[in-house]
Amino acid sequence: MYIIAIVALTAILIWFVRNVSLPHMYLKKVDQSTISNDRYCVIDVRDYVSAHNQPYPSAQNIPLSYLPRELKETFDCTKDIVLISDDVRGARIAAKMLRKKNNRPIYYFQS
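Quick caveat, the model's predicted, so the values are computed rather than measured.

Asker: In this structure, what is going on with the state of the cysteines? I would like to understand it.
Answerer: Covalent bonding between the sulfur atoms of two cysteines is what defines a disulfide. Tallied over the full model, the rule gives one disulfide. The partner cysteine of Cys 41 in its disulfide is Cys 77, sulfur to sulfur 1.8 Å. Judged by the sign of its S-S torsion, about 100°, the cystine formed by Cys 41 and Cys 77 is right-handed. A residue pair is termed long-range when its members are at least 10 positions apart, and Cys 41 in strand β2 (residues 40–44) and Cys 77 in the loop between α3 (67–73) and β4 (80–85) qualify at 36 residues.

In structure tokens:
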């Protein structure tokens, strides 16, 4: 009985660390005034309508649903990455995808 409880507690702890704690460690919030084109690749992961209504200058709009395909086909960035997203959840998902592609620091800006 104790073994089952220990295994269940360990599984819950692993899930928590993997899905809640780790994404926050490699995704840092950045202020809009510090974003410059020569230092960052700016990627807007909002949908096309939101990006069109509230555009961010010099940002490349790649909606979150299209991001895996773009990473395979055309995306190549040698600088640090700034994600523009409506919420932190979308930025975390995009950061996980980008982290697999290249091991660069990833920041986010919430619009």
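Asker: Would you mind showing me how to read the pairing of β4 here?
Answerer: Put simply, side chains in a regular strand alternate between the two faces of the sheet. Within β4, six of the six residues are buried, leaving the element largely enclosed by the surrounding structure. By the alternation rule, side chains of β4 split into Asp 80, Val 82 and Ile 84 and Ile 81, Leu 83 and Ser 85, which are all buried. Looking at chain direction, β2 and β4 are connected through five bridges and run parallel. Bridged to Val 42 within β4 is Val 82. Pairing of β4 with strand β5 (residues 106–110), which is carried by five bridges, proceeds in the parallel orientation. Each residue of the ladder has a partner; that of Ile 84, found in β5, is Phe 109.

Calculation criteria
Residues numbered from 1 in each chain as written. Predicted model: local features only at pLDDT ≥ 70, side-chain atom pairs only at ≥ 80, totals over all residues. Heavy atoms only, no water. Disulfide = S-S within 2.5 Å. Helix = DSSP H or I, 4+ residues; strand = E, 2+ residues; numbered from the N terminus. Buried < 20%, exposed > 50% of the residue type's maximum accessible area, 1.4 Å probe, protein only. Pairing = 2+ DSSP bridges.

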